[in-house]
Amino acid sequence: MKSAKSYDISKWLVWAAYERVKANHGAAGIDEQSIAQFEQNLQDNLYKVWNRMSSGTYFPPPVRQVEIPKATGGKRKLGIPTVADRVAQTVVKLHIEPNLDRLFHPDSFGYRPGKSAKQAIAITRKRCWQFNWVVEFDIKGAFDNIDHGLLMKAVKRHVKDDWALLYIERWLKAPFETAEGIRESRDRGTPQGGVVSPLLMNLFMHYVFDVWMQRTYPACPFVRYADDAVVHCHSEGQAQRVMSAIKTRLDECLLTMHPEKSKIVYCKDSNRTLAYPTIQFTFLGFTFRPRSAKSKQGKLFTSFQPAASNEAIKRMRQRTRSWNIQRQTTVRLEDLSRAYNAILLGWWNYYGAFYKTAMRKVFDHFDKKLRRWARQKYKRLARHKRRSADWLDRMKTACPLLFVHWHAFGNQTG
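Computed from a predicted model, the values in this text were never measured in an experiment.

Caption draft 1: Representation of the pairing of strand β6 (residues 222-225) in the model. Alternating positions in β6 separate into two faces, F222 and R224 on one and V223 and Y225 on the other, with burial throughout. With 4 bridges connecting them, β6 and strand β7 (residues 228-233) associate as antiparallel partners. Paired with Y225 across the strands is D228, a residue of β7. The turn joining β6 and β7, which pair antiparallel and follow one another in sequence, is formed by 2 residues; a positive phi near 55° is taken by A226.

Okay, structure coming up:
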């Protein structure tokens, strides 16, 4: 006789969750089990996840805590679940996300299907041309400080399946385990790095900010990406009132506006010429500021535009430097293309979408490494910088598709 399960969870959903986890790769959790090791006994491992979730006896293990450096300095704490726990979280995410996502504001872009950071930048750029003032704000430690009581109030309003509610609460309470093996209990926050955490963050911020903003300041459009947001205002006075109100609202919801990453910005350009101390902000890796532009008639003017931030350019150049291309003298140029062009293409597709010329610094740096590689590899080019530059120009002309920027910029870089 087939034993009855407490909850009706399909095995197909568990399999679909596993395929998502596999596609996303990811590090091992506290059990140090990789995806490859999980797959060595795949059928039994997935059965255990399904069986325990269906019977209500699934308890998530502690989350492995790792610290990674922030681009702006300091450390960010990530929580890495085990592979099995990532599968379990993905089961819940796949089940509840369709209904929750329909609820969310159209200008919420972070971690949502069909939404992207590039879309957020595009609409922010358009609105910066339409509105003179911007309030940019960031929430200090948002993932770490979400109040569990307020979050579960929102979750229970929209998630009606007992099993999904049960496991969400268990994930919120699952302790961290540090590198030293010390377990830290948690009474707030949802681990950044967990599968279900971004969805919970969006639901929390939907009520904390999106709905509140639409009700309180309907004339001020915004773009939010997780805990980072930009609000557009008509005047400096309105921007000051909006910023003050957002700070108060976050305080009421037990969150803190980041004092150093939040500010009022004047969108200065050829037509907006007021003197104001702050005329730039950085959002999702792009710095918005006055930049030279050319009209369709060929006339130069100043436009308020996004381009890859100095911090993003620095990170890309550091990554290029870490490859030590000049030492790889046993490989061919085609081999270097296979190794690195996909990464360059990813950078170009994102940062090259707006004010493309800012990416010259990255690609010129890469080409400089190629010239050094050529001087190390070919005796006739050794100690001849001019010859190596001519060689690279010939390669760009002969094989423009080897590297994305050779095709995009031609011989204009290098």
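Alright, that's what it looks like, and here's the rest.
Caption draft 2: View of the side chain of K93. Here K93 lies in helix α4 (residues 83-103). Discounting residues that sit within four places of it in the chain, K93 has contacts with R20, P98, V195 and L199.

Caption draft 3: A look at the pairing of strand β3 (residues 133-138). Counting buried positions along β3 yields 6 of 6 residues, so the element is predominantly enclosed. The alternating pattern of β3 places W133, V135 and F137 on one face and V134, E136 and D138 on the opposite face, and all of these are buried. Bridging between β3 and β7 involves 6 bridges; their strand directions are antiparallel. In the sheet register, D138 faces β7, and the bridge partner there is D228. With 4 bridges connecting them, β3 and strand β8 (residues 263-266) associate as antiparallel partners. Across the sheet, the residue bridging to W133 is Y266, located in β8.

Caption draft 4: How the structure looks around the packing of helix α13 (residues 360-377) against helix α14 (residues 385-398). Running from N to C, α13 and α14 cross one another at 115°; their axes reach a closest spacing of 9 Å. Taken together, α13 and α14 sit at an angle that is classed as roughly perpendicular. When the axes of α13 and α14 are compared, the crossing they make is right-handed. Facing D367, L370, R371, W373, A374 and R375 of α13, the residues of α14 in contact are K385, S388, A389, W391, L392 and K396. In terms of residue class, the contact of α13 with α14 is built from 6 nonpolar, 1 polar and 5 charged.

Caption draft 5: Looking closely at unusual backbone geometry. Located in the positive-phi region is L254, a residue other than glycine, with phi close to 65°. Its location among the elements puts L254 in the loop between α10 (236-252) and β8. Positive phi values are uncommon outside glycine, yet N324 reaches one of about 50°. By the secondary structure assignment, N324 is in the loop between α11 (310-322) and α12 (333-351).

Parameters and conventions
- Residues numbered from 1 in each chain as written.
- Predicted model: local features only at pLDDT ≥ 70, side-chain atom pairs only at ≥ 80, totals over all residues.
- Heavy atoms only, no water.
- Buried < 20%, exposed > 50% of the residue type's maximum accessible area, 1.4 Å probe, protein only.
- Helix = DSSP H or I, 4+ residues; strand = E, 2+ residues; numbered from the N terminus.
- Pairing = 2+ DSSP bridges.
- Contact = heavy atoms within 4.5 Å.
- Axes fitted to C-alpha atoms, helices over the stretch in contact; angles between N-to-C directions.
- Parallel < 35°, antiparallel > 145°, perpendicular 65-115°, else oblique.
- Left-handed = near helix turned anticlockwise from the far one by under 90°.
- Nonpolar A, V, L, I, M, F, W, Y, C, P; charged D, E, K, R; others polar.

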